Each structure stands twice: as structure tokens, then as C-alpha cells.
Amino acid sequence: MISFDDPSWIVIPIILPLAAGLLCFLTRRWAFAFSLAASLGNLLASGILLKQLLSVGPLSYNVGNWKAPLGIALRIDGPAILMLLMTAVTGLGITLYARGYFSFRISGQKKIGRHERQERFFWPLWMTLWASLNGLFLSADLFNLYVTLELISIPAVALAALSGKPASQIAAFRYLLVSLLGSLSYLLGVVFIYRTYGVLDLALLGSKTASGAGIGAALALMSVGLLLKTALFPMHFWLPPAHANALAPVSAILSALVVKASFYLLFRLWFDVFASTITEPALNLLGTLGGVAIVWGALQAIRQQRLKLLVAYSTVSQLGYLFIAFPLAYLEKGADIWAAVIFMALAHSCAKSAMFMAAGTIFLHAGHDRINDLAGVRSYLPVTVFAYAIAGVNIMGLPPSGGFIAKWLLISSSLNSSQWWWGLIVMAGSLLASVYVFRVVSRFFVIPEGYHVPDRQPHSPLLEWPALVLALVALLLGLIAPYPLHILETGSSLFAMVSQKGLLL
Amino acid sequence: MITNMLYSLGGLLLFIMGLFALIACSHPLRKILAVNVMATGVFLILIATAYKQAGAGEIDPVPHAMVLTGIVVSVSVTALALILACRVQETSNRSLSQQRKNDFTGAGE
């Protein structure tokens, strides 16, 4: 048994889900048991890594004891451990919910056995996806990051196609092509970097910063590729159909975790490795696109007639907030901005997975998700409706949710750096978000005259409670706000530097 | 140096041609081929990076390892894309024939 101080714990979050995924392929009967064990083990390992990080600072580990130029290095610091914990908590919730979802028996002759067939493929794909996500958060090598990007997109596409409907297959095919284009663009950028510097290790690259046409082109190619995968406006076109037509646990995975992975990588590249080559116009461009995404995504969400499409467009809108932070980080002291981005990512991940779970539960019971026909849902799914409303509080950014803290930090730093227009967009986005949240929630609570309460179909408690717990986690994130900030500060030397001096270059 | 440049520019040209085809062509198979052409372009640039004239020292092994990994990734992704494209084709054909049958019998409204 390895001790708690051993740096090789860092490989556990990658190996554990991968092993569970392979075992799920071999024995279908125990698939859920293996997945649950891997989820719990992953949470435990993340906790131990957090403890190590807080006591000794950032860790790095050479796999197989091969050193940097040839071997693959894994490393962990503040932002990485927060993403790892976010994935561990949300992933555990999704694993439990998926169990409840697939054990729900749909009545109807043609649909019998459909959930068993889907469940058989869901567990191995979800576990391999989880292993690749953790791999991305922990990798410290540009080419290895490319491989993990591809490893994420393969199971993600397969999961998106899992429902078997023609619409979801077409959406999944388009998703695959878009993410391939993104990966290849990223890879071309990596090739340019390698031609210029001859190294791929992130830490070595950070010390070799120099600007030039080659580096600019490389960074542009990598950024465009990652923005495609993150679905920033106007490259969001593939996201709503792919996320809305997938099964509910899959939508939660794609919307809460998969888009965050490519965003995390982009964030690291811009503010960690290539911080000295970033120019102000580039930051303003990303901020503008983020601002348009907030408004456009929210307006589209208001117009939707189907619940899952509404939630998917809300993801497009919420991703915009992450990019608003880019121009603010340039002028303002960096600490608040980093915290805002991390809070936004954590809160959105919990809240959005809860929303998709609630939408999926309603879909299972009502047999459709047309918003106008969903009146009176609260009479037979009170817990689910409550979870949806709490998650909505987070999306709108009311206190004390994590979303509120993030928006507060964004607005205050936009005023401090006299870039008030970004704060205005954030407020407008919150207002629009409250429109699309209340539009649905008010429908849930209205019970029309002569309404006949349908017979409550029996279902496992796992179908309702994980969504509520995740929504509450997102809501209470604001109350423990200082703690994640502390982790960020101890974990990243760059963060400490940025928080003192800002990103003034 | 000339050889290196020639191959790199060739790779870049392949990448751009593939990108154009990916956007311009609508057939799924053409799109998959376009992505493969783009990947080949990137690999060609990588190989050119490792080029050294005879006797000019040892060859850098890292780009070769990257190309090998890249080829493996690209093969598996292509397989997935082909399966998915076949599935899309099948279901759309099926729904089309179903629709025709319904039109013929007057059912399905």
C-alpha cells in the first residue's frame, strides 16, 4: 500500500476510471458496481491529492520515470486540482443518476429493452471519457494534451449518438467532424511550436517565451481549435443539437464537463504558457465574442419550445461569461478574475448537470419535453422541480450561489478597471437568464383547471435526488468561497504572481 | 533547407485543401476524406521538421513518435466516423422509405 504522501497518487484518477471502463466491457452485470467504485475511488484520490497539494505545493510526476524531453510528465496545481474535484463530484452525481435513469422502465411495446441496450454501452464509454478528462487536467505536455483531446472526443461522440434517434446520430456526426477539425487545428499549432522551440513540455515552454510570427500563428491555430470545441459564439452551432438530442445523463456529461475540458486547456495556454505573447486586441476579441455569446445564447434559449434545447442554449450563454474574463484579466489585478473563471466553471458544472438531469426525469415521466405542455409537473415530481429551480437560481446568479460570486467578481473588476461595458453585459445576461428560467419554472408550478394528476410511475430515488444534491452544492458554493481561493493560491506559483502584479505585461 | 521547406509547404497546402473540402463538400464520405487529407498534411509537416541532411547529425525521434501516435488516432477516429456515417445513412433511408410507404398507403398522417 502506498503512503498518502507518495506522488504516484497522481496516476490514480486516470487509471481507476480506465480500469473500470475495461471491466465494464468484460462483465456487463457488474458494470454499475465497477463504475460506482471507480467514482468513489476517484473522489478519494482527488482528496488525497488536494491534501498533498496543500502541504507540499504543486506536484509533478514522470510516468515510468522517463524525464521531460522524452517522457510524459503529469503535474498538478491549483486550477488542475479544482477541475479534478469538480469532475469527481459532478461525475459521481451523474453516475448515480444514470443508474436511476437506465433502471426506469418505459412502458410501450416498442420501447421495452431499449434502456438495457443503451446502458450496456453507456458505462464503458462514460468511464473511458472520465479517464481522458482527468488525463487532460493532469497532462503537462502539448502533444499528450492533443491525444487526450482526441480521447475525449471519441467517447463523447459515441455517447451523443447513444440514444439511437436519427436526429442524435446526425448531430453526433457533425459533433465528430467539428471536434476533429478542432483537434487538427490544435495539432498544427503544436507542430509550429515544436519547430520553433523543439520542446513540448509546458513548464519548459513557459520559460522560453519569445514572440514571433511563428508563435502567433501557432497560438492562433491552437486557440481556434479549442474555441471550436468549447463552442464559443459563432462556433456554437454544433452544441445545441448534440446536447439536446442525447440521453439525459449524456447531456449532463457533455454540457457540464466536456466543454470545460477544452476551455481549461485554452485558459492554461493563454495565461500560463504564452502569457507574454498575448496582446490586448486578442483578449478584447475573445471578450467580445463571449459577450455576444451571452446575449445570443440567452435570446435563443428564450425562444425555444423544447426544454432540453433551452438548457443547451443556456450552456452557450453561460460559456460566454468564461470569456468575458479574458479582457478583464489584462488590466485588472488578476486574482479576482481567475477566481471568477474558476467559480463560473464549478458552479455551471454542478448547476447545468442538475438542470439536464431534471429535464431528463421530466422527459421520462411526461414522454416529451414541450415546455408549453409541461404545466403541473410539480404535482408529481416535486423534488425534480425543486432541483431545477435551485439550479436556475445559480444560472441567474442570485446570492449565495457560486454563479453570484463569479458574476459579482466580474462586475466589480470591470468597474475597477474602467471597462464598465463588460459589467453591463454580465448584468444583461443575468436578466435574460431569469427570463428563460422563470418561463419554465412558472409553467411547472401552474396547475391548470380540471388538471388530472397522472399516476406516478414507480422510479428509483436515484432519478431525483442526485440532481437536487448537485444543485444544492452549486448553491452553497458561494458560502465556502474563500476555500477554493485558498487552493488556487497555494497551488499555482503563476497565480500567486498574477494576483500580486496583475497581468500587466 | 529547401527540401524541408518544400515538404512543409506541401503539408500546409494539403491542410488547406482538406479544410476547404470539409467546408465545401456536403457528402459525409467526402467530409471524412477531407479530414484525413488535413491530418496527412499535418503529419507531413511534422516529418519535414525532423529532416536532416545526410551526415548532419542524429535524427530527432520525437516527431516520428508523434506522427505514429497521430496516425493511430486518425485511423480510429476515421473508423468511428465511417460507422456513424453508415448509421446516419441507414436511418435516413429507413425513415425515407417509411415515409414513402405511408404516403402510398395514405397512413401516417
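Remember, predicted model here, so these are calculated numbers, not experimental data. (Residues numbered from 1 in each chain as written. Chains lettered and ligands numbered in written order. Predicted model: local features only at pLDDT ≥ 70, side-chain atom pairs only at ≥ 80, totals over all residues. Heavy atoms only, no water.)

(A) Broad picture of the overall build of chain B. Counting its regular elements, chain B contains 3 helices and 0 strands. For chain B, the sequential pattern of α-helices and β-strands runs α-α-α. Taking 2.2 N^0.38 as the reference for a compact globule, 109 residues should give roughly 13 Å; the C-alpha atoms of chain B span a radius of gyration of 22 Å, well beyond that estimate. By the burial criterion, 32% of the 109 residues in chain B qualify as buried. Residue pairs at least 24 apart in sequence account for 56% of intrachain contacts in chain B once pairs closer than 6 positions are excluded. Surface exposure of chain B reaches about 7000 Å², of which carbon and sulfur atoms provide 68%. Across chain B, the mean location of the 7 positive side-chain charges is 7 Å away from that of the 5 negative side-chain charges. (Helix = DSSP H or I, 4+ residues; strand = E, 2+ residues; numbered from the N terminus. Rg over C-alpha atoms; globule rule 2.2 N^0.38 Å. Buried < 20%, exposed > 50% of the residue type's maximum accessible area, 1.4 Å probe, protein only. Contact = heavy atoms within 4.5 Å. Areas by Shrake-Rupley, 256 points an atom, 1.4 Å probe, with all protein chains shown as cover. Lys, Arg positive; Asp, Glu negative; His and termini not counted. Charge placed at Lys NZ, Arg CZ, Asp CG, Glu CD.)

(B) Quick peek at a nonpolar patch on the surface. All names here are of chain A. Together, Leu 54, Leu 472, Leu 476, Leu 479, Ile 480 and Tyr 483 line one region of the surface with nonpolar side chains, adding up to about 530 Å² of accessible area. Its location among the elements puts Tyr 483 in helix H18 (residues 482–491). We classify Tyr 483 as partly exposed; its relative accessible area is 43%. (Patch = residues over 30% accessible without salt bridge, like charges linked within 9 Å, V, L, I, M, F, W, Y side chains within 5 Å. Salt bridge = Lys/Arg side-chain N within 4 Å of Asp/Glu carboxyl O.)

(C) The packing of helix H1 (residues 2–24) of chain B against helix H2 (residues 28–49) of chain B, seen in detail. Residues and elements named next belong to chain B. The geometry of H1 relative to H2 is characterised by a closest axis approach of 7 Å and an angle of 165° between their N-to-C directions. Judged by the angle between their axes, H1 and H2 are roughly antiparallel. You can see that H1 and H2 cross each other, and the crossing is left-handed. In terms of residue class, the contact of H1 with H2 is made up of 16 nonpolar, 7 polar and 1 charged. (Axes fitted to C-alpha atoms, helices over the stretch in contact; angles between N-to-C directions. Parallel < 35°, antiparallel > 145°, perpendicular 65-115°, else oblique. Left-handed = near helix turned anticlockwise from the far one by under 90°. Nonpolar A, V, L, I, M, F, W, Y, C, P; charged D, E, K, R; others polar.)

(D) Expanded view of helix H3 (residues 78–102) of chain A. Its 25 residues give H3 of chain A an end-to-end C-alpha distance of 36 Å, which sits within 8% of 36 Å, the value for a rise of 1.5 Å per residue. Counted residue by residue, H3 of chain A has 22 buried out of 25 residues, so it is predominantly covered. (Expected span 1.5 Å × (residues − 1).)

(E) Inspection of the pairing of strand S2 (residues 73–76) of chain A at higher detail. Residues and elements named next belong to chain A. Side-chain alternation along S2 places Ala 73 and Arg 75 on one buried face and Leu 74 and Ile 76 on a second face that is also buried. Relative to S2, strand S1 (residues 59–62) is paired through 4 bridges, and the arrangement is antiparallel. Residue Tyr 61 lies in a different strand from S2, and its bridge partner there is Leu 74. (Pairing = 2+ DSSP bridges.)

(F) Examining the interface of chain A and chain B more closely. Contacts between the two partners involve 28 residues from chain A and, on the opposite side, 33 residues from chain B. Of all residues in chain A, Phe 173, Tyr 194 and Arg 195 of chain A bury the most surface against chain B, accounting for 23% of the area lost on that side. Run the count over chain A and chain B and you get 5 residue pairs in polar contact (both at pLDDT 80 or more). Of all the secondary-structure elements, those providing two or more residues to the side of chain A that touches chain B are helix H5 (142–160) and helix H6 (166–197) of chain A. The element that contributes the greatest number of residues to the side of chain A that touches chain B is H6 of chain A, accounting for 18 residues. Residue composition of the side of chain A that touches chain B, grouped by class: 24 nonpolar, 2 polar and 2 charged. (Buried area = accessible area lost by both parts, 1.4 Å probe. Polar contact = N/O pair within 3.5 Å; in protein donor to acceptor, adjacent residues only side chain to side chain.)

(G) Quick peek at the nonpolar core. Residue and element names in this part refer to chain A. Ranked by size, the top nonpolar core spans 220 residues in total, and within it Tyr 186 and Leu 269 carry the most contacts. Of all the elements, helix H13 (residues 334–366) adds the most residues to this core, at 21 residues. Residues lining this core come from more than one domain, with at least three contributed by each of domain 1 (1–278) and domain 2 (302–448 + 458–505). Among all residues touching Tyr 186, those that are not within four sequence positions of it are Leu 142, Leu 145, Tyr 146, Leu 149, Leu 221, Met 222, Leu 226, Leu 265 and Leu 269. (Core = buried A, V, L, I, M, F, W, Y, C linked by side-chain atoms within 4.5 Å. Domains from an automatic or database assignment.)

(H) Quick peek at the domain arrangement of chain A. Residues and elements named next belong to chain A. Taken domain by domain, chain A consists of domain 1 (1–278) and domain 2 (302–448 + 458–505). A C-alpha centroid distance of 21 Å is found between domain 1 and domain 2. Facing 50 residues of domain 1, the contacting portion of domain 2 comprises 46 residues. Here domain 1 and domain 2 share 7 residue pairs in polar contact (both at pLDDT 80 or more) between them. Secondary structure elements with two or more residues in the side of domain 1 that touches domain 2: helix H2 (31–56), H3, helix H8 (213–230), helix H9 (239–245) and helix H10 (248–273).

(I) Local environment of helix H15 (residues 402–416) of chain A. Residue and element names in this part refer to chain A. Between its terminal C-alpha atoms H15 stretches 21 Å, which fits the 21 Å expected from 15 residues at 1.5 Å a residue. What H15 keeps buried is the set Gly 402, Gly 403, Ile 405, Ala 406, Lys 407, Leu 409, Leu 410, Ile 411, Ser 413 and Ser 414. Downstream of H15 by a residue or two, Ser 418 has a phi angle that is positive, lying close to 45°.

(J) How the structure looks around the environment of Pro 240 of chain A. With respect to the helices, strands and loops of the structure, Pro 240 of chain A is situated in helix H9. Between the alpha carbons of Pro 240 of chain A and Ala 171 of chain A there is a distance of 8.9 Å; along the sequence they are 69 residues apart.

(K) Layout of the packing of helix H4 (residues 114–138) of chain A against H5 of chain A. All names here are of chain A. Two elements in contact, H4 and H5, have axes whose closest approach is 9 Å; the angle formed by their N-to-C orientations is 155°. Here H4 is positioned roughly antiparallel relative to H5, judged by the angle of their axes. The hand of the H4/H5 crossing is left-handed. Together, Phe 122, Leu 125, Trp 126, Thr 128, Leu 129, Ser 132, Leu 133, Gly 135 and Leu 136 of H4 and Leu 145, Thr 148, Leu 149, Leu 151, Ile 152, Pro 155, Ala 156, Ala 158 and Leu 159 of H5 make up the contact between the two elements.

(L) Just the side chain of His 368 of chain A, in detail. All names here are of chain A. Mapping His 368 onto the fold places it in the loop between H13 and helix H14 (382–396). Within the structure, the side chain of His 368 is placed 3.0 Å from the backbone nitrogen of Arg 370, a separation counted as a polar contact. Excluding anything up to four places from it in sequence, His 368 contacts Ile 362, Phe 363, Asp 373 and Leu 374.

(M) Quick peek at the side chain of Ser 255 of chain A. Residues and elements named next belong to chain A. Counting through the fold element by element, Ser 255 comes out in helix H10. Engagement of the side chain of Ser 255 in a polar contact is seen with the side chain of His 243, the distance being 3.4 Å. Beyond its immediate sequence surroundings of up to four residues, Ser 255 is in contact with His 243, Lys 260, Thr 315, His 348, Lys 352 and Phe 356.

(N) Expanded view of the confidence of the model for chain B. Residue and element names in this part refer to chain B. The predicted model of chain B has a mean per-residue pLDDT of 87, with 94% of residues at 70 or higher. Helix H3 (residues 62–105) is the least confidently modelled element of chain B, averaging 86 in pLDDT, while H2 averages 94, the highest of any element. In the predicted complex, the global pTM is 0.92; the interface-specific ipTM is 0.89. (pLDDT = per-residue confidence, 0-100.)

(O) Fine view of unusual backbone geometry. Residues and elements named next belong to chain A. The peptide bond linking Phe 233 to Pro 234 adopts the cis configuration, its omega dihedral lying at 0°. Note that Pro 234 resides in the loop between H8 and H9. In this model, Pro 399 is joined to Pro 400 through a cis peptide bond whose omega is 5°. Along the chain, Pro 400 falls in the loop between H14 and H15. Phi at Ala 231 takes a positive value of approximately 65°, unusual for a residue other than glycine. Using a relative accessible area of 0% as the deciding quantity, one classes Ala 231 as buried. Phi is positive for Ser 418, close to 45°, though the residue is something other than glycine. Inspection of the secondary structure puts Ser 418 in the loop between H15 and helix H16 (420–445). What makes Ser 418 exposed here is its relative accessible area of 55%.

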